[in-house]
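Understanding the architecture of this molecule
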Amino acid sequence: MSTLLYKVGKAAYDHRVKVLFAWLGILLVLAGSLALNSPRLSSEIRIDGTPAQTVIDELTAALPEASGGQGSIVFRAEDGGNLNTPAHAAALAEAAEGVYGVDEVVDPRALMAAAEQPAQAQTADAAPAAVEAQPTPLIVDGQPVPGVIVSSDGSTALMQFQFTKQVFELSADTIDNALEAATKPTESAGIEVLPGSTLQALPEVVGVGEIVGLAIAAIVLIVTLGSLVAAGLPLATAVVGVGVGVSGAFALSHLFELNSLSVVLALMLGLAVGIDYALFIV
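Rules and cut-offs
- Residues numbered from 1 in each chain as written.
- Predicted model: local features only at pLDDT ≥ 70, side-chain atom pairs only at ≥ 80, totals over all residues.
- Heavy atoms only, no water.
- Helix = DSSP H or I, 4+ residues; strand = E, 2+ residues; numbered from the N terminus.
- Contact = heavy atoms within 4.5 Å.
- Areas by Shrake-Rupley, 256 points an atom, 1.4 Å probe, with all protein chains shown as cover.
- Axes fitted to C-alpha atoms, helices over the stretch in contact; angles between N-to-C directions.
- Left-handed = near helix turned anticlockwise from the far one by under 90°.
- Nonpolar A, V, L, I, M, F, W, Y, C, P; charged D, E, K, R; others polar.
- Parallel < 35°, antiparallel > 145°, perpendicular 65-115°, else oblique.
- Buried < 20%, exposed > 50% of the residue type's maximum accessible area, 1.4 Å probe, protein only.
- Expected span 1.5 Å × (residues − 1).

In terms of regular secondary structure, the protein chain is built from 8 helices and 8 strands. A separation of at least 24 residues holds for 73% of the contacts in the protein chain among residues at least 6 apart in sequence. By element, 64% of the accessible surface of the protein chain is carried by carbon and sulfur atoms, the whole surface being about 17200 Å².

Here's what the structure looks like:
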């Protein structure tokens, strides 16, 4: 009986190894084709038929200057000082001016001029009385700085601005240039710059998190199965399977549009499902 079980187990193992090497060969072929022809990816996100997408399309046609994505930057005084002081306020105004000067960032003053609605001068004396515990516009030289508001205690400021395109359609260096323009004048003034969620870069496709996850999965499988071979097969199958799937999607991107976020999702789901189901089969 034990001899029969050994033969069945060895046959199953040999079959899985042959399948694994077959998929590995396919992976090498796909990787070679991608090395010759780089994949074409798109960063546009559309959900046609939804009210939100309809509004964006209508806004793009009627007022293209205001149809892009939005960005936000939080400024905070490192020493707990008040951002309404002349030195801090001047640094914030310079930062806002630098951000509005970046390509693909909309200058709200240009929008108002295009709409023939010039902003009315607002002095500190003429400004309406601030409501207690409410943020107020940043005032520099008697004029409000467009898009910048300061908290009631003066410790934090928020700048909100508009892009000419959706955030995922921006050039690769637009966000970096905007953050650099906001950081240069404020760094020497002791003001911390915190980018909003839309300005934070997407995680790497393969980063430290994936490597640590594979290492933990290997430890769990070795402890559970008690064999390096039995633990290694599910991991190898998952990695090769994800490689074939992602490479195949890249290869097909020459025929249809592939979103750049698809790669991240494919890797995350592929590793999770690949390891789990391979473990179930074992």
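This brings us to the packing of helix α6 (residues 208–225) against helix α7 (residues 228–252). Relative to each other, α6 and α7 sit at 145°, their axes nearing to 8 Å. Crossing handedness for the pair α6 and α7: right-handed. On α7, the residues touching Leu214, Ala217, Ala218, Leu221, Ile222 and Leu225 of α6 are Leu228, Ala230, Ala231, Pro234, Leu235 and Val239. Residue classes in the contact of α6 with α7 are distributed as 12 nonpolar, no polar and no charged.

Let's shift gears to the packing of helix α3 (residues 86–100) against helix α5 (residues 174–187). As a packed pair, α3 and α5 sit with axes 8 Å apart at the nearest point and diverge in direction by 160°. Between α3 and α5, the angle is such that the two are roughly antiparallel. Regarding α3 and α5, the two cross each other, and that crossing is right-handed. Across from Ala91, Leu92, Glu94, Ala95, Gly98 and Val99 in α3, the residues of α5 making contact are Ala178, Ala181, Ala182, Pro185 and Thr186. Split by residue class, the contact of α3 with α5 holds 8 nonpolar, 2 polar and 1 charged.

Let us look at the side chain of Ser247. Its place among the elements puts Ser247 in helix α7. With a relative accessible area of 9%, Ser247 lands in the buried category.

With 12 residues, helix α2 (residues 51–62) should reach 16 Å at 1.5 Å per residue; the first-to-last C-alpha distance of 16 Å fits that figure. Buried residues are scarce in α2, accounting for 1 of its 12 residues.

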